[in-house]
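Topology and contacts: notes
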Amino acid sequence: MSSPPILGGPSLFTGFTKLCKGLAVVLVAGHIVVQILPSAVNYLALIPAKTIPFAWNLITAGYIEQSIYGVVASTLCLLIMGKLLEPVWGSKEFLKFIFIVNFLISVCVFITAISLYYITRQENYLYMPISGFQGILAGFLVGTKQIIPDQELSLLRIKAKWFPSLMLLIAIAISFFTAESAKYLPTLIFGTYMSWIYLRYFQRKPETKLRGDPSVDFAFSSFFPEFLRPVIDPIASIFHRMLCGRFETSTDAHGYTLGGASLPGSDPIEASRRRERGARALEERLTAERLAAAQSAEELKKDASENV
């Protein structure tokens, strides 16, 4: 059995999809708008005190990068991770994932900010402009964990299944040393959790008419080290029953269970097939890019010899 392909190398920066390029244009355009018209941040970013009546900022905030570093990082990560996820999910589902998770992130951040204001009475929670694509990028890491969990990052030799956990660990550690953490940390946390909930329970599979991913490898406890899972699993099962209780009756007939509790229309076999499709799609893309690079190098070598 061949070893899994490694994420990284020169091919990482080629073969971007048209949809991801279009979304990258949206991010760049949003950044340009707030640079030319700084007051636009008041209408496009999420400012909890102004969300009512400016409710559209629950949608627009995720696509507005206020710094040049943010727009460059978000654009590159979107292009790179998008070319891994979009071929497996399909363009429609990929766009749906971005829209739904972005909206859920904004709603959660809004509720958190309002709650913190009532607890602390600090008005900065109400008027701090929060925006950026980082929540969706956190969700992409969860998607990568789902479809190609055993692939490795070429530089660090870290498996993809640990990407979301390491990202959150680093973000939390950095938050102790910066006053700006309130602008990004809740977005990263909710981006990770909301994307997991969506992929775990609600993502539809048109070819099978099933929903979610009930596999043990994608359980909530899989985000934590092995020694913590006996503690995490009982707690996670409580929220699992709360979330899935209304589906229990309708799914009993299908026999799809996990730890004695039914999942909403999911199939473990389909989850396994999705991982196989993800690994196969990645392998095919990497092979095609290696062939293209080899052909390009051969053509350059041929042209050089002809010129001599």
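In its Subcellular location (unreviewed entry) section, the UniProt record describing the protein reads: "Membrane".

**Details of the overall build of the protein**
Each helix and strand in the protein was counted, giving 12 helices and six strands. Within the protein, the fraction of its 308 residues that count as buried is 45%. Once local pairs closer than 6 in sequence are excluded, the contacts in the protein between residues at least 24 apart make up 70%. Carbon and sulfur atoms make up 67% of the accessible area of the protein, which totals about 16,600 Å².

**Describing the packing of aromatic side chains**
What the rule picks out here adds up to 17 aromatic pairs. Look at W89 and F97: their rings are 4.9 Å apart centre to centre, the planes differ by 50°, and that puts the pair in the tilted class. A relative accessible area of 10% means that W89 is categorised as buried. Relative accessible area serves as the criterion here: at 0%, F97 is assigned to the buried category. Among the aromatic residues, those joined into a ring-pair cluster are Y63, W89, F94, F97, F133, F140 and Y198. When the ring centre of F223 is taken as origin, the NZ or CZ atom of K145, which lies over that ring, is 4.7 Å away.

**Points about the layout of surface pockets**
Approximately 1,000 Å³ is the volume attributed to the largest pocket. Contributions of two or more residues to the lining of the largest pocket are made by helix 4 (68-89), helix 7 (134-147), helix 8 (163-175) and helix 9 (181-202). It is helix 4 that provides the largest number of residues to the lining of the largest pocket, a total of eight residues. Partitioning the lining of the largest pocket into residue classes produces 23 nonpolar, eight polar and three charged.

**Description of the UniProt feature "transmembrane region" (unreviewed entry) in the protein**
In the numbering used here, UniProt assigns the "transmembrane region" (unreviewed entry) feature to residues 23-47, 67-85, 97-119, 162-178 and 184-202. Taken end to end, residues 162-178 comprises 76% helix and 0% strand; its first and last C-alpha atoms sit 25 Å apart. Overall, residues 184-202 shows 100% helix and 0% strand. The separation of its end C-alpha atoms is 26 Å.

**Re helix 8**
Spanning 13 residues, helix 8 covers 18 Å between terminal C-alpha atoms, matching the ideal 18 Å at 1.5 Å per step. Of the residues making up helix 8, those classed as buried are F163, P164, S165, M167, L168, A171 and S175.

**Things to note about the packing of helix 1 (residues 18-36) against helix 4**
When two helices pack together, their arrangement is captured by the angle between the axes and the distance separating the axes. Between helix 1 and helix 4, whose axes approach to 9 Å, the crossing angle comes to 165°. In this view, helix 1 runs roughly antiparallel relative to helix 4, as classed from their interaxial angle. When the axes of helix 1 and helix 4 are compared, the crossing they make is right-handed. Here helix 1 contributes L19, C20, K21, L23, A24, L27, V28 and H31 to the contact with helix 4, which in turn contributes I68, V71, S74, T75, L78, L79, G82, K83 and E86. When its residues are assigned to classes, the contact of helix 1 with helix 4 shows 10 nonpolar, four polar and three charged.

**A word on empty space enclosed by the protein**
This structure, assessed with the given rule, holds three cavities of 30 Å³ or more. Its volume calculated, the largest cavity comes out at about 120 Å³. As for the largest cavity, its lining consists of 15 residues, of which G62, I105, S106, G132 and T187 are closest to the centre. At the level of secondary structure, the elements contributing two or more residues to the lining of the largest cavity comprise helix 5 (91-120) and helix 7. Broken down by element, the lining of the largest cavity gets its largest block of residues, four residues, from helix 5. For the lining of the largest cavity, a count of residues per class yields seven nonpolar, eight polar and no charged.

**Structural notes on the pattern of salt bridges**
Counted by the stated rule, this structure contains one salt bridge. The partner of R229 in a salt bridge is E226, with the nearest N and O atoms 3.1 Å apart. For E226, a relative accessible area of 57% corresponds to the exposed category.

Conventions used here
- Residues numbered from 1 in each chain as written.
- Predicted model: local features only at pLDDT ≥ 70, side-chain atom pairs only at ≥ 80, totals over all residues.
- Heavy atoms only, no water.
- UniProt positions renumbered as here; feature names shortened; annotations may be inferred.
- Helix = DSSP H or I, 4+ residues; strand = E, 2+ residues; numbered from the N terminus.
- Buried < 20%, exposed > 50% of the residue type's maximum accessible area, 1.4 Å probe, protein only.
- Contact = heavy atoms within 4.5 Å.
- Areas by Shrake-Rupley, 256 points an atom, 1.4 Å probe, with all protein chains shown as cover.
- Phe/Tyr/Trp six-rings, centres within 6.5 Å; stacked < 30°, edge-to-face > 60°.
- Lys NZ or Arg CZ within 6 Å of the ring centre and 35° of its normal.
- 1 Å grid on protein atoms, 1.4 Å probe; cavity = no way out; pocket = protein on both sides within 12 Å on 5 of 7 lines; lining within 4 Å.
- Points joined across faces, edges and corners; volume = space filled by probe spheres on them.
- Nonpolar A, V, L, I, M, F, W, Y, C, P; charged D, E, K, R; others polar.
- Expected span 1.5 Å × (residues − 1).
- Axes fitted to C-alpha atoms, helices over the stretch in contact; angles between N-to-C directions.
- Parallel < 35°, antiparallel > 145°, perpendicular 65-115°, else oblique.
- Left-handed = near helix turned anticlockwise from the far one by under 90°.
- Salt bridge = Lys/Arg side-chain N within 4 Å of Asp/Glu carboxyl O.

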